[in-house]
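# Residue-level structural notes
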Amino acid sequence: QIHEFDISTTMYFPKFLGSGPLRVKPGFLLDALNGPSPPAESDMPSRLYAPYLDFHWTPGKGRQMYGDLNFRTGVYSDFESVTNDSVRFMGTGVGVIALNPTTSLKIGITYLDRVDAKILPAVGVLWEPNDQTRWDIFFPAPRLSSYWRTWNNRQLWWYLGGEYGTGSWTIDRQGEPLKGASDRVDINDIRVFLGIEWKNLNRFNGFIDIGYVFNRELVYVVVPEDSIKLDNTIMLRSGLSF
């Protein structure tokens, strides 16, 4: 089991360098682990941490061609083993080309900075035929969204999405014979989910997701033979913003 908690705030600059909005988001991630079960029953720490700083800039937004740039850096560790590998740099750079008023082509790359996966292509099509439909058919994070209904002063949207989850941390190994040894570990999975989000006129927003998680694995660097496959599972996720 993995219990993930993320708290952040966002600063918004509508015209950064005179070209498109910039969002700067400092935040903190906590992953509370239960397991995994044998053969690595006590080898992982019970807590993983990640203070981070995220930047999202869309230079030229509103033009026929513009950029969609995201960069994140943070310290990913159990706070017992903090090394150069604890500092991770991640990002996605995409060029967006409007083919017509409803359809845009997206081409770029995603840098994950993990043990097993470093770089992935970022390619897709964004289709927005009206104000109530947004299909972002985009690898590696597709999301198909559609307006559902209005309830009181809240707009309700449903969506279907997918993503490459979790991350990479430096840790002190907890089990023998490597107890106390510094290591780096990936927890990788693929997630598909169905969700509902609500958008409130007073800017109090939220979402609820339910999904299926598969291709789960735990990958160690120092002794790769200790890496294990994890069972498929169910994901529940919810969040609030204001």
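Predicted model, so just to flag it, every value in this text is computed and none were measured.

## What about the nonpolar core?
Ranked by internal contacts, the top residues of the largest apolar core, which has 16 residues, are M44, L48, Y76, I171 and L218. Those elements that place two or more of their residues in this core are strand 3 (22-33), strand 4 (47-57), strand 11 (154-172), strand 12 (182-200) and strand 13 (205-220). Sorting elements by how many residues they give to this core places strand 4 first, with 3 residues. Leave out the neighbours within four places in its chain, and I171 touches M44, P45, L48, D78, S81, A181, S182, D183, V185 and Y220. Core analysis: the next-biggest nonpolar cluster, separate from the first, contains 5 residues, Y66, V94, A122 and F138 among them.

## Considering the packing of aromatic side chains
Each aromatic ring pair is characterised by the separation of its centres together with the angle its planes make. Within the structure shown, the criterion is met by 10 aromatic pairs. Plain terms: the ring middles of F55 and F71 are 6.4 Å apart, the flat faces sit at 25° to each other, and that makes the pair stacked. Residue F55 is found in strand 4, and its partner F71 is found in strand 5 (residues 65-75); the two are separated by 16 residues along the sequence. The class for F55 is partly exposed, based on a relative accessible area of 29%. Consider the rings of Y147 and W157, whose centres lie 6.3 Å apart with planes at 80°: the pair is edge-to-face. Of the two residues, Y147 is situated in strand 10 (residues 143-151) and W157 in strand 11; the sequence distance between them amounts to 10 residues. Of the residues examined, Y147 reaches a relative accessible area of 22% and is grouped as partly exposed. Taking relative accessible area as the criterion, W157 reaches 8% and is therefore assigned buried. Above the plane of the ring of Y159 lies R143, whose end atom (NZ or CZ) is 3.7 Å from the centre. It is K199 that lies over the ring of W157; its NZ or CZ is 4.5 Å from the centre.

## Describing the side chain of K106
Looking at where K106 falls in the secondary structure, it is placed in strand 7 (residues 103-111). A polar side-chain atom of K106 sits 3.1 Å from a polar atom in the side chain of D136. Once you skip the residues sitting within four places of it in the chain, K106 turns out to touch V94, G95, V96, A122, V123, G124, L126, D136 and F138.

Quick notes on the rules
- Residues numbered from 1 in each chain as written.
- Predicted model: local features only at pLDDT ≥ 70, side-chain atom pairs only at ≥ 80, totals over all residues.
- Heavy atoms only, no water.
- Core = buried A, V, L, I, M, F, W, Y, C linked by side-chain atoms within 4.5 Å.
- Buried < 20%, exposed > 50% of the residue type's maximum accessible area, 1.4 Å probe, protein only.
- Helix = DSSP H or I, 4+ residues; strand = E, 2+ residues; numbered from the N terminus.
- Contact = heavy atoms within 4.5 Å.
- Phe/Tyr/Trp six-rings, centres within 6.5 Å; stacked < 30°, edge-to-face > 60°.
- Lys NZ or Arg CZ within 6 Å of the ring centre and 35° of its normal.
- Polar contact = N/O pair within 3.5 Å; in protein donor to acceptor, adjacent residues only side chain to side chain.

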